[in-house]
Amino acid sequence: MTTRKDDPFFGELYLRTTKPFISEQVTEAEAAYLRQVFTDHAPEGPLVDLGCGHGRHLAHLTGTRPVFGLDRDWLSLEEAKAITPVARGDFSGLPFKSGALAGAWAWYNSVCTFPDSDFSQLLREVHRCLKPNGLLVIHTSPREKIATQPDAHAEHQLPDGSRLVEDAHYDPSTGRDLARRQLTLTDGRVMAADFFIRYYSLPELLRVLEAVGFRPLFAHGGLGFEAPSPEAEDLIVGVSRG
Ligand SMILES: C[S@@+](CC[C@H](N)C(=O)[O-])C[C@H]1O[C@@H](n2cnc3c(N)ncnc32)[C@H](O)[C@@H]1O
């Protein structure tokens, strides 16, 4: 799997430029959705947040069973570990015993920033770590929706006075949205990174998941459990280890 040792995107740049846009209300609604699907579809046992970031969902999911965060970024984990136990690790080799987990979720494209072969490898790793009937939930956006806005440019002044500029271009031949994010801090320091998000249509995503051995359980187009649609903002897929 491709590893980026000092990831120029995740870490300080990502945290500074994402946290101001995610409200507690949205996080609570996402966590309520996750609580429901794990209650309905996962066996007893621990859950892990794959790419937990600063741990915004973790606090809402602890209580009824053990919940852990997993991420590669030290800075994010510093925040997340104040909420629940966390593990530093890479998706390419998860630090869990085979069959140890009742469920796992990957929210906000956490597992969609990789070449296709790496994506399959990380899914095999998750499959290995889940117990029979364990549930994996993946959150992304439908490829068709992204294709309707192939070019995007955004500029924002963040609450701390820093200036964010982002340009993105969707490549329909690869399903990748290629982006460059630049943040200029008030002291003049500039942080910048190129990154991509690989978007999937629902049939494409299910094909990859089924090839690894997962069994489709549900797909939703939003937090209200609505049917998936190419026009929806969200694509949420739940699959069982079988
Ligand atoms: C888009 S963020 C989402 C964070 C969180 N799930 C949320 O919804 O706010 C993706 C997270 O995945 C982590 N990540 C990216 N590649 C990873 C890898 N190969 N192994 C482990 N974590 C990784 C990043 O450090 C980042 O915290």
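Residues numbered from 1 in each chain as written. Predicted model: local features only at pLDDT ≥ 70, side-chain atom pairs only at ≥ 80, totals over all residues. Heavy atoms only, no water.

A.B. asks: Tell me about the overall build of the protein chain, residues and numbers included.
C.D. replies: The secondary structure content of the protein chain amounts to seven helices and 11 strands. Computed over C-alpha atoms, the radius of gyration of the protein chain comes to 17 Å, within 12% of the 18 Å expected from 2.2 N^0.38 for 242 residues, which places it in the range of a compact globule. The principal-axis extent of the C-alpha atoms belonging to the protein chain is close to 50 × 40 × 35 Å. Here the protein chain, with 242 residues, has 51% of them falling under the buried criterion. Long-range contacts, defined here as pairs at least 24 residues apart, represent 64% of the contacts in the protein chain between residues at least 6 apart. When the accessible area of the protein chain is evaluated, it comes to approximately 11,100 Å², of which 53% is carbon and sulfur surface. Considering the protein chain, the positive charge centre built from 25 side chains and the negative charge centre built from 33 side chains are found 6 Å apart. (Helix = DSSP H or I, 4+ residues; strand = E, 2+ residues; numbered from the N terminus. Rg over C-alpha atoms; globule rule 2.2 N^0.38 Å. Buried < 20%, exposed > 50% of the residue type's maximum accessible area, 1.4 Å probe, protein only. Contact = heavy atoms within 4.5 Å. Areas by Shrake-Rupley, 256 points an atom, 1.4 Å probe, with all protein chains shown as cover. Lys, Arg positive; Asp, Glu negative; His and termini not counted. Charge placed at Lys NZ, Arg CZ, Asp CG, Glu CD.)

A.B. asks: Outline unusual backbone geometry, supporting the account with residue identities and numerical values.
C.D. replies: The phi angle at Y108 is positive, at roughly 65°, despite the residue not being glycine. Locating Y108 in the fold gives a position in the loop between β4 (101-106) and α5 (116-129). When its relative accessible area of 41% is taken as the criterion, Y108 is described as partly exposed. Phi is positive for F225, close to 65°, though the residue is something other than glycine. F225 gets classed as partly exposed once you look at its relative accessible area, which sits at 37%.

A.B. asks: Report on the site of the ligand, specifying residues and quantitative values.
C.D. replies: Lining the immediate environment of the ligand, one finds 17 residues, of which Y14, G51, R56, D71 and F91 sit closest. For the ligand, an oxygen atom lies 2.6 Å from a polar atom in the side chain of R56. The separation between a nitrogen atom of the ligand and a polar side-chain atom of S110 is 3.5 Å. Coverage of the ligand by the protein chains reaches 98% of its 600 Å² of free accessible surface. (Near = heavy atom within 4 Å. Polar contact = N/O pair within 3.5 Å; in protein donor to acceptor, adjacent residues only side chain to side chain.)

A.B. asks: Go over the sheet that holds strand β9 (residues 190-198) with me, naming the residues and quoting the values.
C.D. replies: Strand order in the open sheet made by the four strands is β6-β7-β8-β9, with antiparallel pairing throughout. In the strand order of this sheet, the two ends are held by β6 (151-157) and β9, each with one partner. Taking the axes of each pair of neighbouring strands and ignoring which way they run, one obtains an average angle of 15° across the sheet. Pairing between strand β8 (residues 176-184) and β9: nine bridges, direction antiparallel. Its bridge partner being in β9, L178 is matched across the sheet by F196. (Pairing = 2+ DSSP bridges. Axes fitted to C-alpha atoms, helices over the stretch in contact; angles between N-to-C directions.)

A.B. asks: Any details on helix α7 (residues 202-212)? Residues and values, ideally.
C.D. replies: It helps to recall that an α-helix has 3.6 residues per turn; residues three or four apart then point in one direction. Within the span of α7, buried status applies to E204, L205, L206, V208, L209 and V212. Against the buried residues of α7 lie α5, β5 (130-140), α6 (143-147), β9, β10 (215-220) and β11 (235-240). Of the residues flanking the end of α7, it is G213, one or two places downstream, whose phi is positive at about 115°.

A.B. asks: Let's hear about the pairing of β5: which residues, and what values?
C.D. replies: Among the 11 residues that make up β5, eight are buried, leaving the element largely enclosed by the rest of the structure. Of the pairings in the sheet, the one linking β4 to β5 comprises five bridges and is parallel in character. Pairing of G103 across the sheet is with L135, part of β5. Read from β4 through α5 to β5, the crossover connection turns out right-handed. One ladder, built from six bridges, connects β5 with β11; its direction is antiparallel. In the strand pairing of β11, L136 is matched with V239. (Right-handed = clockwise from strand over helix to strand, strands pointing away.)

A.B. asks: If you had to explain the domain arrangement of the protein chain to someone new, which residues and values would you point to?
C.D. replies: Assigned domains within the protein chain: domain 1 (12-143 + 201-241) and domain 2 (145-196). With centres defined by C-alpha atoms, the gap from domain 1 to domain 2 works out at 23 Å. The interface is formed by 19 residues belonging to domain 1 together with 22 residues belonging to domain 2. Carbon and sulfur atoms supply 59% of the area buried between domain 1 and domain 2, which totals about 1,500 Å² over both sides. (Domains from an automatic or database assignment. Buried area = accessible area lost by both parts, 1.4 Å probe.)

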